[in-house]
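# Analysis of the macromolecular model
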Amino acid sequence: MRVAVTGASGRLGRALVSALADAPFSGPAGPIAWDRAAFDLDAPEGVLECLDRDRPEVVIHAAAWSDVDGCALDPELALRRNGTATGTLAEACAARSIDLLAISTNEVFDGRRTDGRGYAPDDRPAPVNPYGASKLEGERLATHAYESAKAGSLGIVRTAWLFGTPGRDFPSRILEAADHAAAAGEPLRAVADEWGTPTYVHDLAEAIVELLAADAIAGIHHVVNGHVASRAEWARDVVRRAGAEVVINEVSSTSWQRPSTPPRWGILAPTPLPSGEPLRAWPDAMADYAPALLRATRARA
Ligand SMILES: NC(=O)c1ccc[n+]([C@@H]2O[C@H](COP(=O)([O-])OP(=O)(O)OC[C@H]3O[C@@H](n4cnc5c(N)ncnc54)[C@H](OP(=O)(O)O)[C@@H]3O)[C@@H](O)[C@H]2O)c1
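Residues numbered from 1 in each chain as written. Predicted model: local features only at pLDDT ≥ 70, side-chain atom pairs only at ≥ 80, totals over all residues. Heavy atoms only, no water.

### Looking at the site of the ligand
The line we're drawing: Whether a residue is near a molecule or strand depends on its heavy atoms: if one lies within 4 Å, it is near. Polar contact is the term for a pair of N or O atoms within 3.5 Å; when the atoms are in protein, one must be able to donate a hydrogen and the other to accept it, and sequence-neighboring residues count only if both atoms are side-chain atoms. Throughout, the Shrake-Rupley method with a 1.4 Å probe supplies accessible areas, and for residues the shown protein chains are the sole cover considered. A run of H or I in DSSP becomes a helix once it reaches four residues, and a run of E becomes a strand once it reaches two; helices and strands are each numbered from the N terminus.
Surveying the vicinity of the ligand reveals 24 residues, the closest of which are Arg11, Leu12, Ser66, Tyr131 and Lys135. Arg11 places a main-chain nitrogen or oxygen 2.9 Å from an oxygen atom of the ligand. Interatomic distance of 3.3 Å between a side-chain N/O atom of Asp42 and a nitrogen atom of the ligand. A total of 900 Å² of accessible area belongs to the ligand in isolation, and the protein chains cover 82% of it. Secondary structure elements with two or more residues in the shell around the ligand: α1 (11-22), β4 (99-105) and α5 (130-149). Top contributing element to the shell around the ligand by residue count: β4, with three residues.

This is the structure we're talking about:
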């Protein structure tokens, strides 16, 4: 199976290319990695040439403008990059009967539910920030393209709170902030009332390979590691693994000024994978990631 990945140099893109390279269905040529030079969200029509040159059977669309605060500061650009560009890709794929798996986010939901349950695929999306709105627009345009063309399959994989190399994920930013706080003799502030499911890009990539292998990409999938965490709980886990000497002060999200408003309860109810096995709990995945995280942090220091 010829599988192309957009955003192949990104956090998830790298993990996907690596997991696909090991998948028996990829064949000796391996996956087709499209980085920004091949598929730029600011010039999405360039994908037509890529599709006709590389002739994939499936495209996994992992490229996005994932800077949620940047999206909040420029919502129109966010809509173009995460909405319109996804629509352009979907139309081009559907016109060629190429399957598409578009990666989306928990931030399509408002996070206001209070019953302690996670959001299911058929819950009504209602984004509370421009990043979520732009990703939902991407979902909508892709769905429209496949419904109109009546050819190929569309899958949407929503996920949340991704971590993994390369740096600048939440764990690496927390370690940086912990260093600054320790040097200044101050506590580290961490938000206690925003919840999500930290998800390791390697586990997500393996789950996507499983969907492809079982020919089960169609529909909306919620793929996240197990167990809920608040930002503060995740920060504590990271700081403990690094052995950092810093006091953590739990604060309310209302005291944390940032351009984007994250959903408070950003929990996705995982949908079943073909194996019937859920992804492991996020602390177990963090244990696998910790050595690489700590190496990268020390190299930056
Ligand atoms: N990160 C999260 O916590 C999270 C949570 C839920 C869902 N998601 C979704 O998961 C997918 C993968 O996210 P990620 O964390 O792997 O993102 P990432 O590391 O920021 O990677 C995004 C990729 O998109 C590429 N890209 C192409 N054109 C771009 C343009 N004009 N502007 C900005 N980037 C452009 C980037 O290229 P360069 O490498 O050249 O920069 C990069 O490879 C995205 O669909 C995202 O919305 C992410």
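So much for the structure itself; the text now carries on.
### Side note on the side chain of His222
Here is the rule: Throughout, a residue-residue contact means that at least one pair of heavy atoms, one from each residue, lies within 4.5 Å.
Within the secondary structure, His222 is located in strand β10 (residues 219-222). A polar side-chain atom of His222 sits 3.0 Å from a polar atom in the side chain of Arg158. In contact with His222, not counting residues within four places along its chain, are Phe109, Tyr119, Ala120, Pro121, Arg158, Leu268, Ala269, Pro270 and Thr271.

### Re helix α7 (residues 201-213)
The condition that has to hold: The span one expects for a helix is its residue count, reduced by one, times 1.5 Å. Burial classification: accessible surface area is computed with a 1.4 Å probe over protein chains only, and a residue below 20% of its type maximum counts as buried, one above 50% as exposed, and the rest as partly exposed.
Spanning 13 residues, α7 covers 18 Å between terminal C-alpha atoms, matching the ideal 18 Å at 1.5 Å per step. Inspection of α7 places Val201, Asp203, Leu204, Ala205, Ala207, Ile208, Val209, Leu211 and Leu212 among the buried residues, and these make up the whole buried set. Looking one or two places after α7, you find Asp215, whose phi comes out positive at around 55°.

### Quick notes on the domain arrangement of the chain
As a reminder of what qualifies: Domain start and stop points were drawn from an automatic or database domain assignment. Buried area, as used here, totals the accessible surface that two parts lose on assembly, with accessibility defined by a 1.4 Å probe and the loss added over both.
Here the chain is partitioned into domain 1 (3-162 + 198-222) and domain 2 (167-196 + 227-265 + 281-300). Placing a centre on the C-alpha atoms of domain 1 and another on those of domain 2 gives a separation of 27 Å. Taken together, the contacts link 21 residues of domain 1 with 23 residues of domain 2. Across the domain 1 to domain 2 interface the summed buried area is about 1700 Å²; carbon plus sulfur atoms make up 63%.

### A few points about the pairing of strand β5 (residues 154-159)
Which entries qualify depends on this criterion: We call a crossover right-handed when, viewed with the strands running away from us, the connection from the first strand over the helix to the second turns clockwise. DSSP calls a pair of strands paired once it identifies at least 2 bridges connecting them.
Within β5, six of the six residues are buried, which leaves it mostly tucked inside the rest of the structure. Burial of β5 is two-sided: the residues Leu154, Ile156 and Arg158 facing one way and the residues Gly155, Val157 and Thr159 facing the other way are all buried. Note on the crossover from β4 through α5 to β5: the handedness is right-handed. Direction of pairing for β5 relative to β10: parallel, over a ladder of four bridges. Each residue of the ladder has a partner; that of Gly155, found in β10, is Gly219.

### Re the packing of helix α6 (residues 170-184) against helix α9 (residues 282-300)
Quick note on the threshold: In this description, a line fitted to the C-alpha atoms serves as the axis of each element, helices being fitted only across the stretch in contact, and the angle between N-to-C directions of two axes falls anywhere from 0 to 180 degrees. Geometric relationships in this document are graded by angle, where less than 35 degrees denotes roughly parallel, more than 145 denotes roughly antiparallel, 65 to 115 denotes roughly perpendicular, and other angles denote oblique. Handedness of each helix crossing follows the sense of rotation of the near helix against the far helix: counterclockwise by less than a right angle gives left-handed, clockwise gives right-handed. Asp, Glu, Lys and Arg are counted as charged, while Ala, Val, Leu, Ile, Met, Phe, Trp, Tyr, Cys and Pro are counted as nonpolar; the rest, among them Gly, fall into the polar class.
Contact geometry of α6 with α9 gives a least axis separation of 10 Å together with a crossing angle of 45°. In terms of axis orientation, α6 runs oblique to α9. By crossing handedness, the relation of α6 to α9 is classed as right-handed. Listed contacts from α9 to Pro171, Ser172, Leu175 and Glu176 of α6 are Met286, Tyr289, Leu293, Leu294, Thr297 and Arg300. Tallied by class, residues from the contact of α6 with α9 come to six nonpolar, two polar and two charged.

### Thoughts on α6
End to end, α6 covers 21 Å across 15 residues, agreeing with the expected 21 Å (1.5 Å per residue, within 8%). Those residues of α6 that fall on the buried side of the exposure criterion are Phe170, Pro171, Ser172, Ile174, Leu175, Ala178 and Ala181. Among the structural elements, β6 (162-163), β7 (188-191), α8 (231-242) and α9 are those in contact with the buried residues of α6. Immediately downstream of α6, the backbone of Gly185 shows phi near 70°, a positive value.

### So, the pattern of salt bridges
Put simply, the rule is: In what follows, salt bridge is the name for a side-chain nitrogen of Lys or Arg lying within 4 Å of a carboxyl oxygen of Asp or Glu.
All chains considered together, the criterion is met by 16 salt bridges. Note that Glu176 and Arg168 form a salt bridge whose closest N and O atoms lie 2.8 Å from each other. Judged by relative accessible area, which is 32%, Glu176 ranks as partly exposed. In the salt-bridge network here, residues are joined through shared partners; they are Arg113, Asp115, Arg117 and Asp123.

### As for the sheet that holds β10
An order of β2-β1-β3-β4-β5-β10 is seen for the six strands of this open sheet, with the pairing classed as parallel. The sheet terminates laterally at β2 (32-34) and β10, the two strands that pair on one side only. Taken over all neighbouring pairs, the strand axes of this sheet differ in orientation by 20° on average, direction set aside. Packing of helix α2 (residues 47-54) onto the sheet brings it into contact with β2 and β3 (58-61), and relative to β2 it is tilted by some 165°.

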